[in-house]
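Remarks on the overall topology
Spelled out from the first residue to the last, the chains are:
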Amino acid sequence: MTRGDIVTEALRGWRAWQVLDGRDGPVLASWWVNALWPARRPLESRCVMHGPHPRVHHACGIHAFSTREQALEYLDRSEGERPLLFVRRPEHALGLVVGRVSGWGRAVTHTRGWRSQFAYPHDLCVLRGGRALARALADRYAVDASFSSPNVRMPVPPPRSP
Amino acid sequence: MADIGRPEREIDVRPVEVPVPRELPLEPAEPEPHRPEPVEEPTPA
């Protein structure tokens, strides 16, 4: 493990988001942790133990995968699991999005992606939600956003207990 | 949580330009100042 390398280009990776109905319009939200992605300003990592800088031997930082396929696999896998940290219920999402994300600041590279201190979406592809949602996200985040419909299913809410 | 594999190395990423769009939505264009219709000068008889 080497430490301290300086890179002058932002990292580029892939993520999946759900889209929630925010006060000022649709907002990107992380899948597992309670993080809403602000528009026109970077999201900064905040770890209760380590602050904004991701540490090698912890899971803190903003995560991104190396490939689109890995991000889609993650979406599909998340469907069958109950989020532990996420307080907003996935069944209330306006849509699902996959896209590229830029990362910078202090970062840790991984074999299948990276974790960074700062991140901002680079471009978005709405999988569920429609073209109007893609347009609204493009306007709000000022990034390219398209609509496509691959075979990704929305999470099914768990049955209510009596 | 996202399975991004084993950690490899810690780096410091300092992009020359921060990849966050700064431009705001276009404001409605200001109306053009009113210009009076050209009036034909009466031709001298």
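None of the values given here were measured: they were computed from a predicted structure. (Residues numbered from 1 in each chain as written. Chains lettered and ligands numbered in written order. Predicted model: local features only at pLDDT ≥ 70, side-chain atom pairs only at ≥ 80, totals over all residues.)

What to know about the overall build of chain A
Under the convention used in this document: The numbering of helices and of strands both runs from the N terminus, where a helix is a DSSP run of H or I of at least 4 residues and a strand a run of E of at least 2. With C-beta atoms placed from the backbone, a residue is buried if 20 or more other C-beta atoms are within 10 Å of its own, exposed if 12 or fewer are, and partly exposed between those counts. Here the contact rule is simple: place C-beta atoms from the backbone, and any two residues whose C-beta atoms are within 7 Å are in contact.
When helices and strands are tallied, chain A shows 2 helices and 9 strands. Across chain A, helices and strands are ordered from the amino to the carboxyl terminus as β-β-β-β-β-β-α-β-β-α-β. Classification of the 162 residues of chain A by burial places 41% in the buried group. A separation threshold of at least 6 residues defines the contact pool for chain A, and within that pool the share at least 24 residues apart is 62%.

Comments concerning the interface of chain B and chain A
How we decide: Classification convention: Asp, Glu, Lys, Arg as charged; Ala, Val, Leu, Ile, Met, Phe, Trp, Tyr, Cys, Pro as nonpolar; all other residues, Gly among them, as polar. Any two strands between which DSSP finds at least two bridges are classified as paired.
Of the residues lining the interface, 21 residues belong to chain B; the matching set on chain A comes to 39 residues. For the side of chain B that touches chain A, a count of residues per class yields 12 nonpolar, 1 polar and 8 charged. Bridge analysis of strand 7 (residues 95-110) of chain A against strand 1 (residues 7-13) of chain B gives 6 bridges, and the strand direction is antiparallel. Along strand 1 of chain B, the bridge assignment pairs Val108(A) with Glu10(B).

Details of the confidence of the model for chain A
For clarity, the cut-off: pLDDT measures how confident the predictor is about each residue, on a scale from 0 to 100.
Mean pLDDT for chain A: 85, with 80% of residues reaching 70 or above. Predicted confidence is poor over residues 83-87 of chain A, with pLDDT under 50, and the contacts of this stretch with residues over four places away or in other chains come to 10 contacts.

Here we look at the nonpolar core
Nonpolar side chains in soluble globular proteins tend to be buried together. Note the threshold: Think of a nonpolar core as buried Ala, Val, Leu, Ile, Met, Phe, Trp, Tyr and Cys residues chained together by C-beta atoms that fall within 7 Å.
In terms of nonpolar packing, the biggest core is built from 46 residues, with Ala16(A), Val19(A), Val97(A), Val126(A) and Leu137(A) touching the most fellow members. Contributing elements (two or more residues each) for this core: strand 2 (11-22), strand 3 (25-29), strand 6 (62-65), helix 1 (68-79), strand 7, strand 8 (113-128) and helix 2 (131-141) of chain A together with strand 1 of chain B. Residues contacting Leu137(A), with those up to four places away along its chain left out, are Val19(A), Pro26(A), Leu124(A), Val126(A) and Ala145(A).

Considering helix 2 of chain A
All names here are of chain A. Rules: Along the arc lie the directions from the helix axis toward the C-beta atoms.
Taken as a whole, helix 2 has its buried residues at Leu133, Ala134, Leu137 and Tyr141. Buried residues along helix 2 cover an arc of 100° about the axis, so they all sit on one side. Looking at helix 2, the residues exposed on the side facing more than 90 degrees away from the buried face are Arg131 and Ala132. Summarising the contacts, the buried residues of helix 2 are in contact with strand 2, strand 3, strand 7, strand 8 and strand 9 (144-147). Just past helix 2, the residue Ala142 takes up positive phi, approximately 55°.

Here we look at the environment of Pro21(B)
Here Pro21(B) lies in the segment after strand 1. Residues contacting Pro21(B), with those up to four places away along its chain left out, are Arg40(A), Ala142(A) and Val143(A).

Some remarks on the pairing of strand 8 of chain A
Residues and elements named next belong to chain A. The element strand 8 is largely enclosed, with a buried count of 12 among its 16 residues. Two strands pair when backbone bridges link them, and strand 5 (residues 43-44) and strand 8 are joined in this way by 2 bridges, in the antiparallel orientation. The partner of Leu43 across the bridge, within strand 8, is Ala119. The pairing of strand 6 with strand 8 spans 4 bridges and is classified as antiparallel. Bridge assignment links Ala64 to a residue of strand 8, and that residue is Trp114. Note that strand 7 and strand 8 share 13 bridges and pair antiparallel.

Focus on unusual backbone geometry
Residues and elements named next belong to chain A. A positive phi angle, near 65°, is found at Arg40, a position not held by glycine. Looking at the secondary structure, you find Arg40 in the loop between strand 4 (36-37) and strand 5. Residue Ala142 is not a glycine yet carries a positive backbone phi of 55°. Tracing the chain through its elements places Ala142 in the loop between helix 2 and strand 9.

A look at the environment of Val143(A)
For Val143(A), the location among the structural elements is in the loop between helix 2 and strand 9. For the pair Val143(A) and Ile62(A), spaced 81 residues apart in the sequence, the C-alpha separation amounts to 19 Å. Non-local contacts of Val143(A), meaning those with residues more than four positions away in its chain, are made with Pro121(A), His122(A), Asp123(A), Leu124(A), Ala138(A) and Pro21(B).

A short note on the environment of Ala10(A)
Following the sequence through the fold, Ala10(A) ends up in the loop between strand 1 (3-7) and strand 2. Here Ala10(A) falls in the buried class, since 25 other C-beta atoms lie within 10 Å of it. It is 5.6 Å that separates the C-alpha atoms of Ala10(A) and Gly103(A), two residues lying 93 residues apart in sequence. Apart from residues lying up to four places away in sequence, Ala10(A) is in contact with Ser102(A), Gly103(A), Trp104(A), Val13(B), Pro15(B) and Pro19(B).

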